[in-house]
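# Architecture at a glance
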Amino acid sequence: LEEEEEEEDAAAAARSTTQLRLLGWYLLLSALIATANGTSSAALNYVNMQMKLVAKNGKIVTVMLLGTLLFGKRYLAVEYGYMLLVACGLIIFFMAASAAALHSSFTGVALLALAVLSDSMLPNVQQRLLQDLQRPKGEVVFHTNWISALLTLAAAVTTGELGRALPFFRAHRATLALLLVQSAAGFGGILAYL
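Residues numbered from 1 in each chain as written. Predicted model: local features only at pLDDT ≥ 70, side-chain atom pairs only at ≥ 80, totals over all residues. Heavy atoms only, no water.

### Let's talk about the overall build of the protein chain
Helices and strands together make up the secondary structure of the protein chain, namely 8 helices and 0 strands. For 194 residues, the compact-globule formula gives about 16 Å, and the C-alpha radius of gyration of the protein chain, at 21 Å, lies well above that figure. Projected onto its principal axes, the C-alpha coordinates of the protein chain cover approximately 80 × 55 × 30 Å. Evaluated residue by residue, the protein chain yields a buried proportion of 25% over its 194 residues. Look at the contacts in the protein chain between residues 6 or more apart in sequence, and 82% of them connect residues 24 or more apart. Accessible area for the protein chain stands at about 12,400 Å²; split by element, carbon and sulfur atoms hold 67% of it. Positive and negative side-chain charges of the protein chain, numbering 13 and 13 respectively, have mean locations separated by a distance of 24 Å. (Helix = DSSP H or I, 4+ residues; strand = E, 2+ residues; numbered from the N terminus. Rg over C-alpha atoms; globule rule 2.2 N^0.38 Å. Buried < 20%, exposed > 50% of the residue type's maximum accessible area, 1.4 Å probe, protein only. Contact = heavy atoms within 4.5 Å. Areas by Shrake-Rupley, 256 points an atom, 1.4 Å probe, with all protein chains shown as cover. Lys, Arg positive; Asp, Glu negative; His and termini not counted. Charge placed at Lys NZ, Arg CZ, Asp CG, Glu CD.)

If you want it as structure tokens, here you go:
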């Protein structure tokens, strides 16, 4: 009887450790999502859309580099070649369209760099959860969304944006409805992407 109790205690401790480890991965993924989205949007206060698109184009480079350096992923040389061609092509396209339009400031570039770095970690962490830890897609989406929602709410309260948004939503109820539709579409899009 004592052996069974010890086995049950050991199994419960193992489950608890696994749950804490998973929570850590979900917190990391949620923080990356919130950081990538928040800094990307905030950067538009300092840079124009063309600059944002050129910077976000760098994601393909950083995803592969971070995957290799932090997660030990291996890519073929031809995949690196494709990545460089895509990156160079998009940069040339935007610069040719309007070289002077790539207006930026140090703050904007710093925010974009943080956005790209955070965004680049996402696929690697998602792959770790989905493939290595074999978590179901629905579970990953559910946990990262509720944690991200709490992080976003905390940021909105801290910055005072929530206090300014509530009266706006009371006066413009259609905007609130559109945000809810956008959230539902985003949730569906994430499930389809994964």
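What follows picks up the thread again.
### Some thoughts on the confidence of the model for the protein chain
Overall, the prediction assigns the protein chain a mean pLDDT of 82, with 91% of residues at 70 or greater. At the low end of the mean pLDDT range in the protein chain sits helix H2 (residues 49-57), at 76; at the high end sits helix H7 (residues 161-171), at 91. (pLDDT = per-residue confidence, 0-100.)

### Some thoughts on helix H5 (residues 106-132)
Here H5 spans 38 Å end to end across 27 residues, near enough to the 39 Å set by a 1.5 Å rise per residue. At Leu 122, H5 is bent by approximately 25°, the largest bend along its length, and proline Pro 123 sits one to four residues beyond. Just past H5, the residue Gln 134 takes up positive phi, approximately 50°. (Expected span 1.5 Å × (residues − 1). Bend = angle between axes of the 7 residues up to and from the residue.)

### Concerning the nonpolar core
Within soluble globular proteins, side chains that are nonpolar tend to cluster in buried spots. Membership of the largest hydrophobic core comes to 13 residues, with the highest contact counts inside it found for Tyr 26, Leu 29 and Leu 129. Elements supplying a minimum of two residues to this core: helix H1 (2-43), H5 and helix H6 (137-159). Those residues in contact with Leu 129 that sit more than four places away from it in its chain are Leu 22, Trp 25, Tyr 26, Leu 29, Gln 134, Arg 135 and Val 140. Of all hydrophobic cores here, the second largest spans 5 residues; its members include Ala 43, Val 47, Met 51 and Leu 112. (Core = buried A, V, L, I, M, F, W, Y, C linked by side-chain atoms within 4.5 Å.)

### Quick look at a nonpolar patch on the surface
Taken together, the side chains of Phe 142, Trp 146, Leu 150, Leu 153 and Val 157 present a nonpolar region at the surface, about 500 Å² in accessible area. For Val 157, the position within the fold is in helix H6. (Patch = residues over 30% accessible without salt bridge, like charges linked within 9 Å, V, L, I, M, F, W, Y side chains within 5 Å. Salt bridge = Lys/Arg side-chain N within 4 Å of Asp/Glu carboxyl O.)

### Description of the pattern of salt bridges
Side-chain pairs of opposite charge can arise where the charged atoms are in close proximity. Under the definition given, this model contains 1 salt bridge. Residues Glu 139 and Arg 135 are paired through a salt bridge, measuring 2.8 Å at the closest nitrogen-oxygen approach. Judged by its relative accessible area of 24%, Arg 135 is partly exposed.

### Points about a negative patch on the surface
The grouping of Glu 3, Glu 4, Glu 5, Glu 6, Glu 7 and Glu 8 at the surface amounts to a negative patch. Along the polypeptide, Glu 7 turns up in helix H1.

### Details of the environment of Leu 32
Mapped onto the fold, Leu 32 is located in helix H1. In this structure, the C-alpha to C-alpha distance between Leu 32 and Ser 118, residues 86 residues apart in sequence, is 5.1 Å. In this structure Leu 32 touches Ser 118, Met 121, Leu 122 and Val 125, once residues within four positions along its chain are discounted.

### Some remarks on unusual backbone geometry
Not every positive phi belongs to a glycine, and Gln 134 is a case in point at roughly 50°. Position of Gln 134 among the secondary structure elements: in the loop between H5 and H6. Assessed through its relative accessible area of 63%, Gln 134 is described here as exposed.

### Describing the side chain of Asn 124
Here Asn 124 lies in helix H5. Taking the relative accessible area as the measure of exposure, Asn 124 reaches 2% and is therefore buried. Among the polar contacts made by the side chain of Asn 124, one reaches the side chain of Lys 73 at a distance of 3.3 Å. For Asn 124, the contacting residues outside a window of four places in its chain are Val 63, Leu 66, Gly 67, Phe 71, Lys 73 and Tyr 75. (Polar contact = N/O pair within 3.5 Å; in protein donor to acceptor, adjacent residues only side chain to side chain.)

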